[in-house]
Amino acid sequence: MQELGVSTNANYKITFMLDSAAMITVHTPKRGLIDVKPLGVIWGKFSEYYSKKNTIMFDDIGRNFLMNPQNGLKIRPFMKAHLNRDKDKELLKLTQYLKEIAKLDDFLELNHKHWERYLSKKQGQ
């Protein structure tokens with residue numbers, strides 16, 4: 001996110017950005033100790049605005065939303081920014097997806113794993 005200038009560019013409209021400093025360590029039977037991003041902290045502090053029904057987290061590491069899998073969307077990693085900056089369109093496509101799901105009162109039933117398929121279907125209507 002730093003490479004994209006998210007924290008310094010006023011054109012980004014990001015509500016929350018949880019980086020590695022916000023992660024907590026949990027134990028899972030399958031993977032042992034891992035660090036995850038706890039969306040429950042946001043829901044607890046700002047419950048009048050945010051909940052499982054209206055929160056989505058993007059990350060290129062799927063285990064980061066292990067505690068809240070329905071609210072996570074795994075994106076492709078942004079690699080070699082200095083070479084790929086002009087070719088990477090992932091966030092532009094995600095913008096369209098967010099505009100579509102923002103129309104919903106509750107997107108718990110969505111399968112974010114298939115967000116591109118959902119977007120194609122909506123744009124084809």
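Residues numbered from 1 in each chain as written. Predicted model: local features only at pLDDT ≥ 70, side-chain atom pairs only at ≥ 80, totals over all residues. Heavy atoms only, no water.

- Where an unreviewed UniProt entry is consulted, the protein appears under the name UBCP1 phosphatase, with the organism given as Alectura lathami.
- Quoted verbatim from the Subcellular location (unreviewed entry) field of UniProt, the annotation for the protein is "Nucleus". (UniProt positions renumbered as here; feature names shortened; annotations may be inferred.)

## Remarks on the side chain of aspartate 59
Line of reasoning, step 1. Tracing the backbone shows aspartate 59 in strand S3 (residues 57-59).
Line of reasoning, step 2. Since its relative accessible area comes to 6%, aspartate 59 is described here as buried.
Line of reasoning, step 3. Engagement of the side chain of aspartate 59 in a polar contact is seen with the side chain of lysine 37, the distance being 2.8 Å. (Helix = DSSP H or I, 4+ residues; strand = E, 2+ residues; numbered from the N terminus. Buried < 20%, exposed > 50% of the residue type's maximum accessible area, 1.4 Å probe, protein only. Polar contact = N/O pair within 3.5 Å; in protein donor to acceptor, adjacent residues only side chain to side chain.)

## Notes on helix H3 (residues 90-101)
The α-helix advances 3.6 residues per turn, and as a result positions three or four apart in sequence lie on the same side.
Line of reasoning, step 1. For H3, which comprises 12 residues, the first-to-last C-alpha distance of 17 Å matches the rise-based estimate of 16 Å (1.5 Å per residue) to within 8%.
Line of reasoning, step 2. Listing the buried residues of H3 in full gives Glu90, Leu94, Tyr97, Glu100 and Ile101. Projected down its long axis, H3 carries its buried residues within an arc of 110 degrees, all on one side. What points out from H3, more than 90 degrees from its buried face, is the exposed set Leu92 and Lys99.
Line of reasoning, step 3. Among the structural elements, S3, strand S4 (72-74) and helix H4 (115-123) are those in contact with the buried residues of H3. (Expected span 1.5 Å × (residues − 1). Arc of directions from axis to C-beta. Contact = heavy atoms within 4.5 Å.)

## Focus on the side chain of threonine 55
Line of reasoning, step 1. Relative to the helices and strands, threonine 55 resides in the loop between helix H1 (39-45) and S3.
Line of reasoning, step 2. The class for threonine 55 is buried, based on a relative accessible area of 9%.
Line of reasoning, step 3. A polar contact of 2.9 Å, which involves the side chain of threonine 55, links it to the side chain of tryptophan 43.
Line of reasoning, step 4. The contact partners of threonine 55, leaving out residues within four places of it in the chain, are Leu39, Trp43, Tyr50, Asn71 and Phe107.

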